[in-house]
Amino acid sequence: MGKTILVLNGPNLNLLGEREPQIYGHDTLADVEAMCRDAATAAGYDIDFRQTNAEHEMVDWLQQGRKGLAGIVINPAAFTYAAYPVLDALKLVDCPVVEVHISNIHRREAEWRSRSIMTQVVTGIVSGLGVHGYPLAVQHLIWRLERSA
Ligand code: CA2
């Protein structure tokens, strides 16, 4: 198994830190990338960190990451709720996948936000721990790998 953890971010997360800080906090996506990188490099792993607003690009990245990755962390953002092509692509990967949401999607005002279609195929989910969920997910993937080695 490889030593790279792919961290994928869905639509609008490029604007993290600029809007709705009461829900998503003040950290930017660059801050999140640095947190993931710190968690990974401390254990000898690499991070490949990406964000896209395009569903086809997310599908392409998952297909490319089908084999050889240590793990995937994905915040599908609004793809969470209806992006079946992303769901199908997630089923193709051969590594553990952690779904991350910055907010607690189960206690949001809009009920539809709690219904993730991705949860049925991922290894696990972190939701509501703010941006700290990302490095925690990275650490978990490394912990699993080191334990099974
Ligand atoms: O809590 C999360 O991480 C979400 O996945 C964020 C998504 C939202 O659609 C999910 O329900 C929960 C994206 C939120 C919209 O994008 C923003 C980006 C920056 C600042 C505010 C909103």
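Refer to the structure presented above.
The structure reproduced in this document is the subject of the present report. Here the structure is a predicted model, which means the values were calculated and not measured.

### Overview of the pattern of salt bridges
Under the counting rule described, the total for this entry stands at 5 salt bridges. The closest approach of N and O atoms between Glu-33 and Arg-37, which form a salt bridge, is 2.5 Å. Here Glu-33 and its partner Arg-37 are both found in helix 2 (residues 29-41), 4 residues apart, which amounts to about one turn of the helix. Residue Glu-33 is classed as partly exposed on the basis of its relative accessible area, which comes to 25%. Judged by relative accessible area, which is 31%, Arg-37 ranks as partly exposed. The partner of Asp-88 in a salt bridge is Lys-91, and the shortest N-O contact between them spans 3.6 Å. Placement of both Asp-88 and Lys-91 in helix 4 (residues 84-92) is noted, with a separation of 3 residues, approximately one turn of the helix.

### Points about the site of the ligand
As a structural note, the neighbourhood of the ligand is formed by 14 residues, with Asn-75, Tyr-81, His-101, Ile-102 and Ser-103 the closest of them. Separating an oxygen atom of the ligand from a side-chain N or O atom of His-101 is a distance of 2.8 Å. Take Ser-103: an N or O atom from its side chain is 2.6 Å from an oxygen atom of the ligand. Computed on the free molecule, the ligand has an accessible area of 500 Å², of which 96% lies beneath the protein chains in the complex. Of the residues contributing to the shell around the ligand, the split by class is 7 nonpolar, 4 polar and 3 charged.

### Section: the packing of aromatic side chains
All chains considered together, the criterion is met by 1 aromatic pair. When the centroid spacing of 5.0 Å and the interplanar angle of 85° are considered together, the rings of Tyr-81 and Trp-112 count as edge-to-face. With Tyr-81 in the loop between strand 3 (71-75) and helix 4 and Trp-112 in the loop between strand 4 (97-101) and strand 5 (124-127), this residue pair connects regions lying 31 residues apart in the sequence. When its relative accessible area of 16% is taken as the criterion, Tyr-81 is described as buried. Just above the ring of Tyr-45 sits the side chain of Lys-3; from NZ or CZ to the centre is 4.2 Å.

### Section: helix 5 (residues 133-148)
Its 16 residues give helix 5 an end-to-end C-alpha distance of 23 Å, which sits within 8% of 22 Å, the value for a rise of 1.5 Å per residue. Residues Gly-133, Tyr-134, Pro-135, Ala-137, Val-138, Leu-141, Ile-142 and Leu-145 constitute the buried set of helix 5. Packed against the buried residues of helix 5 are strand 1 (4-9), helix 2, strand 2 (46-51), strand 3, strand 4 and strand 5.

### Observations concerning the packing of helix 2 against helix 5
For the pair helix 2 and helix 5, the least separation of the axes is 8 Å and the interaxial angle reads 25°. As far as their axial angle goes, helix 5 and helix 2 are roughly parallel. Seen from above, helix 2 lies across helix 5 with right-handed handedness. The residues of helix 5 that touch helix 2, namely those facing Val-32, Met-35, Cys-36, Ala-39 and Ala-40, are Tyr-134, Pro-135, Val-138, Gln-139 and Ile-142.

### Quick word on the packing of helix 3 (residues 55-64) against helix 4
For the pair helix 3 and helix 4, interaxial distance at closest approach is 9 Å and the crossing angle is 5°. Between helix 3 and helix 4, the interaxial angle falls into the category roughly parallel. Facing Glu-55, Met-58, Val-59, Leu-62 and Gln-63 of helix 3, the residues of helix 4 in contact are Pro-85, Val-86, Ala-89, Leu-90 and Leu-92. Classifying every residue of the contact of helix 3 with helix 4 by side-chain character gives 8 nonpolar, 1 polar and 1 charged.

Calculation notes
Residues numbered from 1 in each chain as written. Predicted model: local features only at pLDDT ≥ 70, side-chain atom pairs only at ≥ 80, totals over all residues. Heavy atoms only, no water. Salt bridge = Lys/Arg side-chain N within 4 Å of Asp/Glu carboxyl O. Helix = DSSP H or I, 4+ residues; strand = E, 2+ residues; numbered from the N terminus. Buried < 20%, exposed > 50% of the residue type's maximum accessible area, 1.4 Å probe, protein only. Near = heavy atom within 4 Å. Polar contact = N/O pair within 3.5 Å; in protein donor to acceptor, adjacent residues only side chain to side chain. Areas by Shrake-Rupley, 256 points an atom, 1.4 Å probe, with all protein chains shown as cover. Nonpolar A, V, L, I, M, F, W, Y, C, P; charged D, E, K, R; others polar. Phe/Tyr/Trp six-rings, centres within 6.5 Å; stacked < 30°, edge-to-face > 60°. Lys NZ or Arg CZ within 6 Å of the ring centre and 35° of its normal. Expected span 1.5 Å × (residues − 1). Contact = heavy atoms within 4.5 Å. Axes fitted to C-alpha atoms, helices over the stretch in contact; angles between N-to-C directions. Parallel < 35°, antiparallel > 145°, perpendicular 65-115°, else oblique. Left-handed = near helix turned anticlockwise from the far one by under 90°.

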